[in-house]
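# Close look at the chain arrangement
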Amino acid sequence: MKRRCLILIPLFMSVFLLSSFAHSAGRDYSGWSSSQGWPLSSGTSKVKGCLRYCETINKYAKHYQVPPELVIAVITQESRFEARAQSPKGAKGLMQLMDMNSVGIDPFDVDSNVGRGTALLARLLNQYDDVRLALAAYNAGEGNVRKYGGIPPFKETQHYVSRVVAHYEQLK
């Protein structure tokens, strides 16, 4: 009996956790639009392509008026939805925030990281009024976008921008 319980408990917990994520209450974005005119998702909190943390992504996407699909595309490229991801250059968390952008928060905390990363993305989108330039600044820094008068000639940044934009377009 003891052995059977040890096997059934992890199985029960897995089924419970999966079903609670699959049936979590969603947000309704119908009738909601961004002041910048970007298309935004409608329907439930499970935005296409969202693997985890969908409620948090939707909360901050709505708050900062950034398409949730763009946030998902950035997270996918930056960390593949791994909240504890850390790059060799020191970027941390889901949205791979550098220390200068994560002052005062725990960059590995999902809510803090997505909130700060989405706020940064919103600021860059408003500043550049161009998704590609905003993504280039997110990846290579605003100074490099300014220095080169557009997307910097770094292969990493050019690939980053194309991959994120392509994924974003797929999700829309």
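Structure first, text after, so check above.
In what follows, the accompanying structure is described. (Residues numbered from 1 in each chain as written. Predicted model: local features only at pLDDT ≥ 70, side-chain atom pairs only at ≥ 80, totals over all residues. Heavy atoms only, no water.)

### Some words on the pattern of salt bridges
In the structure shown here, the tally under the stated rule is 6 salt bridges. Arginine 123 is the salt-bridge partner of glutamate 142, the closest N and O atoms lying 2.7 Å from each other. Of this pair, glutamate 142 sits in helix H6 (residues 142-148) while arginine 123 sits in helix H4 (residues 110-128), and the two are 19 residues apart along the sequence. Here glutamate 142 falls in the partly exposed class, since its relative accessible area comes to 24%. (Salt bridge = Lys/Arg side-chain N within 4 Å of Asp/Glu carboxyl O. Helix = DSSP H or I, 4+ residues; strand = E, 2+ residues; numbered from the N terminus. Buried < 20%, exposed > 50% of the residue type's maximum accessible area, 1.4 Å probe, protein only.)

### Overview of the side chain of glutamine 96
Among the secondary structure elements, glutamine 96 is positioned in the loop between helix H3 (68-79) and H4. Look at glutamine 96 and you get buried, because its relative accessible area is 9%. Within the structure, the side chain of glutamine 96 is placed 3.2 Å from the backbone oxygen of alanine 85, a separation counted as a polar contact. Those residues in contact with glutamine 96 that sit more than four places away from it in its chain are Glu78, Ala85, Gln86, Ser87, Ala91 and Asn113. (Polar contact = N/O pair within 3.5 Å; in protein donor to acceptor, adjacent residues only side chain to side chain. Contact = heavy atoms within 4.5 Å.)

### Topic: unusual backbone geometry
Not every positive phi belongs to a glycine, and tyrosine 53 is a case in point at roughly 60°. Among the secondary structure elements, tyrosine 53 is positioned in the loop between helix H1 (2-22) and helix H2 (54-64). Note on tyrosine 53: relative accessible area 29%, which makes it partly exposed. Unusually for a residue other than glycine, phenylalanine 81 sits at a positive phi of about 65°. Here phenylalanine 81 shows up in the loop between H3 and H4. Its relative accessible area of 1% is what places phenylalanine 81 among the buried residues.

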